[in-house]
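Architecture at a glance
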Amino acid sequence: MGPGGTAERLHQEGPGEPPDPGDGLHDARLLVPALVAWGVLVAVLPGPGWLPGAVATAALTSAAWLLRTTGRRDETRPRSRMLNVLALSAAAVGLVAGAAALHFAVARAGPVPGWAQERAVGRAELLVTTEPRVLARGDEREPLVILEARVLEASARGMTSRPRTPVLVIAPGGQGWGDVAWRSRIEVQGRWAPAEPGERAVAVLVPRGPPRTRDAPPTLLRGIDHVRGRFREAVDPLPRDARGLVPGLVIGDTSLTPEDLTQAMRDTGMTHLSAVSGSNVAIVAGGVALLAARTGLPRRWRLPVVLAALLSFILLCRPEPSVLRAGVMGAVGLIALTGGRRRASLPTLGAAVIGLLCLDPWLARSYGFALSTLATLGLVLWARPWGLAMARVVPRWASLPARAAAVPLAAQVICAPVIVLLQGSVTTVAVLANLLAAPLVPPTTILGVVAAVLAPVSLHLAMAVAWLSAVPAWVIGRIARVCSRLPYGTLEWWDGAAGAWALVAATLGLLLTWRWWGLQVRRHRWGTAAVGCALLVWLLPVPGLAPWPPRGWVVAGCDVGQGDAFVVATGPERALVIDTGPDPAAMSECLRGLGVRRVDLLVLTHFHADHVGGLSGVLSSAQVEEVLVTPVQEPVETATAVLDQVRESGIPVRAAQVGDRWEWGSTAASVLWPSQRPPVGASAANNASIVLHVEAAGVRMLSTGDLEPESARLVREVTAGRDYDVLKVAHHGSAAQDERLVREARPEFALIGVGADNDFGHPAPSALGLLAEVGAIVLRTDLHGDIAVVRDERGRLVPHARHDG
């Protein structure tokens, strides 16, 4: 359950209801051990395989000693109570670490880990445990299919074994791997490779050829697959946003959600509404319970009926870890928001955390699990008291909305530090966006579930119901898009762990001193109003007066559609231009908007049309002093046409060589790549992209063209030890990124030149996830129009975006 998760509308108390005598009395004795165990497991998982067992042994021994010690003391004394909590914490650590040790032992038993280290080739029979995910890699290479599986039988090096090793399969998309059914048994030939430390999969299997199905899924699962397939057909005619959101909320299928909508929901703290979360589980459970009560079903049958409905819903969504976690946290959230059992909510949450970590230790390092758990904790601790407090200070007619607003507010406040780790920013519109969207989630979910149930019976009837669900779903999408464009809807914050802890400190400070601040506001109402008006005048932009280019711009990205065009300031009205995009008119307009009249160096990283098609726009708008091109002239026709056009203009042309360097005042650029013989790989042109190290006004930038992983691994050796403020993301943010190059660059800003609604899936979710992990602020031309990195009057680097239309 993400921020703003479990629906407050399932239970709302009247304004005059007396406060629950149990409010404010929370039993945290089990929650604290759960959080301690969670933190220890986060540290243990990436370590060697023997570490969980050692930690479990030490923790259980400590728990036994502490319990023996506390048994001799008076339990009413504070010291004894503290020792009891320590003993419970040690026991919880021993439990989850012991479970992790068992998981590790089962996963690493057998010869597969050794084969992976040796990169052996062999045969494997696998049980597919997740849906295949298709990752686009750009316009020149077929997509990849990624799925998780468990080894049932494997043969290599003259040996056959039947382990239970979890593995990751990475296969070409054109060989039928995208059609592999969940829970089917397949046979495949391939090469083993080691997996990343700390991941669920122990090894990676790269198949050689298509899969061969040995056994189809069980009959029940085949029936569910049929329902899912018919439901996808039913939602296919829906508008674009609804076509993505309805399957996400109903069956957990987010593959149809537009990338720009996903980004908008991420910017507004609404990502839990784009997939199955605790709120959906709560809605289904509440809806079935209400229906059972209204139809007069005997009480003894109501709980079984609700459980059967929940089981069916989980099967429909696939009982993968994220769905199971959502179900458990949705149940805890219901306890927190309904009467009579609030005191039990914290122990229930603690038990849920410990139980989930025992079942699946790798949830400990999942951002989704962290957001879900923290959001539920926020609801338990703050949703009801904050709602009551807010209802007391607003008019009676506004008390219900005030209490409803407490739910997303509590979730957002407690989840903000984790969101900072993911995005490097703080959203200020999450509460508003979630409050507006909350009433629309139940009808979308319930009508979507009805459409899914009807789809196998009558596709036309299911389509009619799906269209009804599309109306609230479309409104949810509009709320996300509009709120994501509100001024100062997202505020820059320190990225990484330091920023998360700083936000934790700021939040705690505000929570501890809010009464004092409220007193000051009441005492100095006119002064507070004056300060508020001054802040509004200072912060809110005035339409038509926002300057472009922004003062102090260092690097700018041009919105030229699906292509690259970046500009680095070298002096007044002068610039270094890297690529030209596909459209001469858009490129010309960008340079005129930036006030560039002279191009000291025009770099054409490679000869694909989306990087050189706008050349005439540069030549007609500015005086170009020199053109730098890659030595690999592919495609030949495009390269010949570009070189002829430059020479006809009388501009010197130079083939890039590693070590070439230019300086213009405080700006310098040097060539890091390509070498004399770049690797060919999947695309010789991309692998020969010119890679530049640029320093401008103290800003270090790495420009990577459309570099492929084959070359990126070699470039990484050159850039080792260098941190960059700005990274021009390779290949429009395709999935083909060299992860270590991005991580070692540690960019503060990531610039992506990409066209809206492009056919290549750019930027890929995996690339955006990687950039989020390193804490980069992502600026994309498809979402933000022209973009820029600016050094402000205080010397700080800040992002700037120009929204056209």
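Each remark here, short or long, concerns the structure printed above.
What comes next concerns the included structure. (Residues numbered from 1 in each chain as written. Predicted model: local features only at pLDDT ≥ 70, side-chain atom pairs only at ≥ 80, totals over all residues. Heavy atoms only, no water.)

If you trace the backbone, Leu 707 turns up in the loop between strand E21 (699-703) and helix H24 (709-719). Separated by 24 residues in the primary sequence, Leu 707 and His 731 have C-alpha atoms spaced 6.4 Å apart. Not counting residues up to four positions away in its chain, the partners in contact with Leu 707 are Trp 673, Asn 686, Asn 687, Ser 689, Val 691, Ala 712, Val 715, Ala 730 and Ala 736. (Helix = DSSP H or I, 4+ residues; strand = E, 2+ residues; numbered from the N terminus. Contact = heavy atoms within 4.5 Å.)

Attention shifts here to the packing of helix H6 (residues 240-251) against helix H9 (residues 299-317). At a closest axis distance of 8 Å, the pairing of H6 and H9 adopts a crossing angle of 130 degrees. Judged by the angle between their axes, H6 and H9 are oblique. Mapping the contact onto sequence places Leu 249, Val 250 and Ile 251 in H6 and Phe 313, Leu 316 and Cys 317 in H9. Classifying every residue of the contact of H6 with H9 by side-chain character gives six nonpolar, no polar and no charged. (Axes fitted to C-alpha atoms, helices over the stretch in contact; angles between N-to-C directions. Parallel < 35°, antiparallel > 145°, perpendicular 65-115°, else oblique. Nonpolar A, V, L, I, M, F, W, Y, C, P; charged D, E, K, R; others polar.)

Below, the discussion takes up empty space enclosed by the protein. Applying the stated criterion across every chain, the model contains five cavities of 30 Å³ or more. As a volume, the second largest cavity reaches approximately 90 Å³. Around the second largest cavity, the lining residues are Thr 704, Leu 707, Ala 712, Leu 727, Val 729, Ala 730, Ala 736, Gln 737, Asp 738, Leu 741, Val 742 and Ala 745. Top contributing element to the lining of the second largest cavity by residue count: helix H25 (residues 739-745), with three residues. Looking at the lining of the second largest cavity residue by residue, the classes come out as nine nonpolar, two polar and one charged. (1 Å grid on protein atoms, 1.4 Å probe; cavity = no way out; pocket = protein on both sides within 12 Å on 5 of 7 lines; lining within 4 Å. Points joined across faces, edges and corners; volume = space filled by probe spheres on them.)

Trans peptide bonds make up most of the peptide bonds, and negative phi angles are found at most residues other than glycine. Following Glu 634, the chain continues into Pro 635 via a peptide bond in cis, with omega recorded as -10 degrees. Between Trp 673 and the following residue, Pro 674, the backbone shows a cis peptide bond with an omega angle of 15 degrees. By the secondary structure assignment, Pro 674 is in the loop between strand E19 (667-673) and helix H23 (684-687). Located in the positive-phi region is Ala 697, a residue other than glycine, with phi close to 55 degrees. Its identity as a non-glycine residue notwithstanding, His 731 has a phi of 55 degrees, on the positive side. The residue His 731 is located in the loop between strand E22 (726-728) and H25 in this model.

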